[in-house]
Amino acid sequence: MEKGEDSSTFKMGNSAQERSLPYVPDCYVVPPSSKPCDSNSGIVPTIDVSRLKGGDDERRGVIQELSLACQHLGFFQIVNHGINQNILDDALEVANSFFELPAKEKKQFMSNDVYAPVRYSTSLKDGLDTIQFWRIFLKHYAHPLHRWIHLWPENPPGYREKMGKFCEEVRKLSIELMGAITESLGLGRDYLSSRMDENGMQVMTVNCYPPCPDPETALGLPPHSDYSCITLLLQNLDGLKIFDPMAHGGSGRWVGVPQVTGVLKVHIGDHVEVLSNGLYKSIVHKVTLNEEKTRISLASLHSLGMDDKMSVPRELVNDENPVRYKESSFNDFLDFLVKNDISQGDRFIDTLRIKD
């Protein structure tokens, strides 16, 4: 097959990254403004979340650190989060083993339906993407676990058990972090706890970014923000880049997030930007590629229930700070995903902002 063939050739199940092509087809080449070489390594906020369980003064200190990180970047890393390293390692291991299964095993989960509770795919919109991305993924709902786990892959052996344990642990952590976030906004730590704990959504996105023969010309994922309240990310290699809008006098720059064993990344999503009435910003991020190694990442996205609308709390609204966002739900985001092209820079949060 020749370089430059039509993008329809690379539908899921037959993509360049699944076939380990020795070149990057034209339909994967990103525009010069989007190429990955414009990023630098940088220092990102790291928060010791074990201090949330300390005394009042210690907790207040952590809440302040978290608030500053949410205002400036919409991103921070967490250490001493309480999840055993074996649970993290096991989840990465079974994820990698899933992507190494024969194609027949994986293709039974293949779907273009963004509403499906379990789906395997290789693109944002199969056959419709303007640009394709060097990524393979498995998405599945994870809360409540007993409702969804029987739909997950049975192979590799141990996938359901080990990924399920990771999902449970990271979900408990997300509830604690959301309590800290709402507390930092003056809403109290229990403002969303029942809506997220009992009826909230957890979507686990298991990503595989195979070695790319020319990582400077393609991306694993384009610049985007997550719809969620927060996303907790575990990765085995560098590759995540976040956009710091305050750098270079406000013109911004891309910052590489280093991989450190045991550290989890926390992305502020669109729905916390709405919750904060714009005080906190959802983080724009992208994924770059590696020429020699496969990168695995586990992104656990946490939000309110499928049709539960996130809106600006009346406590954060006054004459000087009117409501700046429309309310929306996870289902509204899925509708947006069907109708828009995030590879071209379309962002869900932009549709929620109320224009002056």
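Described below are features of the structure shown in this document. Fair warning: this is a prediction, and the values are worked out from it, not measured in the lab.

What follows is about the pairing of strand 5 (residues 136-141). For strand 5, the buried fraction is high: 5 of the 6 residues fall into the buried class. In terms of strand pairing, strand 4 (residues 118-121) meets strand 5 through 4 bridges, oriented antiparallel. When the sheet's bridge partners are listed, S121 is paired in strand 5 with F137. For strand 5 and strand 6 (residues 201-209), the ladder comprises 6 bridges, and the chain directions are antiparallel.

Moving on, we come to the packing of helix 3 (residues 85-99) against helix 6 (residues 159-184). Relative to each other, helix 3 and helix 6 sit at 135°, their axes nearing to 9 Å. Classified by the angle their axes make, helix 3 and helix 6 are oblique. Considering only the axes of helix 3 and helix 6, their crossing is left-handed. Taken together, the residues of helix 6 that come into contact with helix 3 (itself represented by I87, L88, D90, A91, E93, V94, A95 and F98) are Y159, K162, M163, K165, F166 and E169. A breakdown of the residues in the contact of helix 3 with helix 6 according to their chemical character gives 9 nonpolar, no polar and 5 charged.

What follows is about the packing of aromatic side chains. Counting across every chain of the model gives 14 aromatic pairs. Here the aromatic rings of F98 and F99 are separated by 5.3 Å at their centres, their planes lie at 75°, and the arrangement is edge-to-face. Taking the relative accessible area as the measure of exposure, F98 reaches 0% and is therefore buried. In this structure an aromatic cluster arises from ring pairing among Y141, W148, Y227, F330, F333, F336 and F348. Over the ring of F137 we find K139, and its NZ or CZ is 5.5 Å from the ring centre. The lysine or arginine in question, K286, covers the ring of W254, its NZ or CZ lying 4.3 Å from the ring centre.

Turning our attention to the side chain of D226. Looking at where D226 falls in the secondary structure, it is placed in the loop between strand 7 (221-224) and strand 8 (230-235). Although D226 is buried, it makes no salt bridge; K139 carries the closest opposite charge, 8.2 Å away. Apart from the residues within four sequence positions on either side, D226 is in contact with T231, H267, G269, D270, H285 and L301.

Our focus in this paragraph is a negative patch on the surface. Residues D214, E216, E291 and E292 make up a contiguous surface patch of negative charge. Note that E291 resides in the loop between strand 12 (285-287) and strand 13 (295-303).

Calculation rules
- Residues numbered from 1 in each chain as written.
- Predicted model: local features only at pLDDT ≥ 70, side-chain atom pairs only at ≥ 80, totals over all residues.
- Heavy atoms only, no water.
- Buried < 20%, exposed > 50% of the residue type's maximum accessible area, 1.4 Å probe, protein only.
- Helix = DSSP H or I, 4+ residues; strand = E, 2+ residues; numbered from the N terminus.
- Pairing = 2+ DSSP bridges.
- Axes fitted to C-alpha atoms, helices over the stretch in contact; angles between N-to-C directions.
- Parallel < 35°, antiparallel > 145°, perpendicular 65-115°, else oblique.
- Left-handed = near helix turned anticlockwise from the far one by under 90°.
- Contact = heavy atoms within 4.5 Å.
- Nonpolar A, V, L, I, M, F, W, Y, C, P; charged D, E, K, R; others polar.
- Phe/Tyr/Trp six-rings, centres within 6.5 Å; stacked < 30°, edge-to-face > 60°.
- Lys NZ or Arg CZ within 6 Å of the ring centre and 35° of its normal.
- Lys, Arg positive; Asp, Glu negative; His and termini not counted.
- Salt bridge = Lys/Arg side-chain N within 4 Å of Asp/Glu carboxyl O.
- Patch = residues over 30% accessible without salt bridge, like charges linked within 9 Å, V, L, I, M, F, W, Y side chains within 5 Å.
- Areas by Shrake-Rupley, 256 points an atom, 1.4 Å probe, with all protein chains shown as cover.
- Charge placed at Lys NZ, Arg CZ, Asp CG, Glu CD.

The quantities given are spatial measurements derived from coordinates; they are silent on function.
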